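Each chain is listed here by its residues.
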Amino acid sequence: MPARTVRTPAFLTRLAPFAGTVLRVAVGIVFIAHGYQKVSNGLEGFAGFLTSLNVPMPDLMSYVVTILEIGGGILLILGLGTRIVALLLALEMVFTIALVKLDAGFIGQQGTGAELDFLLLAGGLTLALLGPGALSADRALGMEPGPVV
């Protein structure tokens, strides 16, 4: 018996150029929220946490990470410098998983597992490879190929 072909609905095919845009905005929002949490709880506390992990220059790194999360999240939402920003955020997630989450496990107790970090890593890598999607400053400025929709 021949295999049946399942057809993708036409509207999904037409909306495919917006996949990067959807992912970009979602990942950007999550990073902004995490960066804002660090600011609202006090960067001194975050620096102390980094100290407990033996991260070099924890005071400086608390600012670097927070600026990357908030600034990078904003840039992702705008679609500006998407591939580079997404790669930097993915790299941050590699370090977060390695330094913080490995001991907690993939699905840890009370929401402390690596699953969200793993998804953010995958989202960052996907955006670095895929690009910003149809609606982005990168496209509008000619930094990415393709028409601006």
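Summarised in this report is the structure supplied together with it.

## Some details on the pattern of salt bridges
Piece 1. For the structure shown, the criterion picks out 2 salt bridges.
Piece 2. Here Glu69 and Lys38 are joined by a salt bridge, their closest N and O atoms 3.0 Å apart. Of this pair, Glu69 sits in helix α4 (residues 58-78) while Lys38 sits in helix α2 (residues 19-41), and the two are 31 residues apart along the sequence. Each member of the pair Glu69 and Lys38 is classed as buried.
Piece 3. One salt bridge connects Arg83 with Glu144, and the closest N-O pair in it is separated by 2.6 Å. With Arg83 in helix α5 (residues 82-101) and Glu144 in the segment after α7 (137-140), the pair connects residues that are 61 residues apart, well separated along the chain.

## Things to note about the packing of helix α3 (residues 43-52) against α4
If you want to describe how two helices pack, look at the angle between their axes and the distance between the axes.
Piece 1. As a packed pair, α3 and α4 sit with axes 8 Å apart at the nearest point and diverge in direction by 115 degrees. Between α3 and α4 lies a crossing of right-handed hand. On the side of α3, the interface is formed by Leu43, Phe46, Ala47, Leu50 and Thr51, while α4 contributes Pro58, Asp59, Met61, Ser62, Tyr63, Val65 and Thr66.
Piece 2. Split into classes, the residues belonging to the contact of α3 with α4 amount to 8 nonpolar, 3 polar and 1 charged.

## Thoughts on α2
Piece 1. A rise of 1.5 Å per residue sets the reference length of α2, with its 23 residues, at 33 Å; its end C-alpha atoms lie 33 Å apart and thus fit the reference within 8%.
Piece 2. Those residues of α2 that sit buried are Gly20, Thr21, Arg24, Val27, Gly28, Phe31, Gly35 and Lys38.
Piece 3. The secondary structure elements touched by the buried residues of α2 are α3, α4, α5 and α6 (115-130).
Piece 4. Following α2 by one or two positions, Gly42 adopts a phi angle in the positive range, close to 100 degrees.

## Side note on unusual backbone geometry
Piece 1. Its identity is not glycine, yet Asn54 carries a phi of approximately 60 degrees, on the positive side.
Piece 2. Secondary-structure assignment places Asn54 in the loop between α3 and α4.
Piece 3. A positive phi angle, close to 45 degrees, is found at Met57, a residue other than glycine.
Piece 4. Turning to its location among the elements, Met57 is positioned in the loop between α3 and α4.

Parameters at a glance
- Starting from 1, residues in each chain are numbered consecutively following that chain's sequence as written.
- The predicted nature of this model means local features are confined to residues of pLDDT at least 70 and side-chain atom pairs, given and counted, to a pLDDT of 80 or more, with totals for whole chains, interfaces and linings taken over all residues.
- Computation of side-chain values: all heavy atoms of the structure, hydrogens and water removed.
- A pair is scored as a salt bridge if a Lys or Arg side-chain nitrogen falls within 4 Å of a carboxyl oxygen belonging to Asp or Glu.
- In this description a helix means any DSSP run of H or I spanning at least four residues, a strand means any run of E spanning at least two, and both kinds are numbered starting from the N terminus.
- Under the scheme applied here, a residue whose accessible area is under 20% of the maximum for its type counts as buried, over 50% as exposed, and between as partly exposed, the area being computed with a 1.4 Å probe on protein chains only.
- For helices, the fitted axis covers only the stretch in contact; all axes are lines through C-alpha atoms, and the angles between them, taken along N-to-C directions, range from 0 to 180 degrees.
- By definition, any crossing whose near helix is turned counterclockwise from its far helix by less than a right angle is left-handed, and any crossing with a clockwise turn is right-handed.
- Contact between two residues is taken to exist if any of their heavy atoms lie within 4.5 Å; hydrogens are not considered.
- Three residue categories are used. Nonpolar comprises Ala, Val, Leu, Ile, Met, Phe, Trp, Tyr, Cys and Pro, charged comprises Asp, Glu, Lys and Arg, and polar comprises the others, including Gly.
- One less than the residue count of a helix, multiplied by 1.5 Å, gives the span that helix is expected to have.

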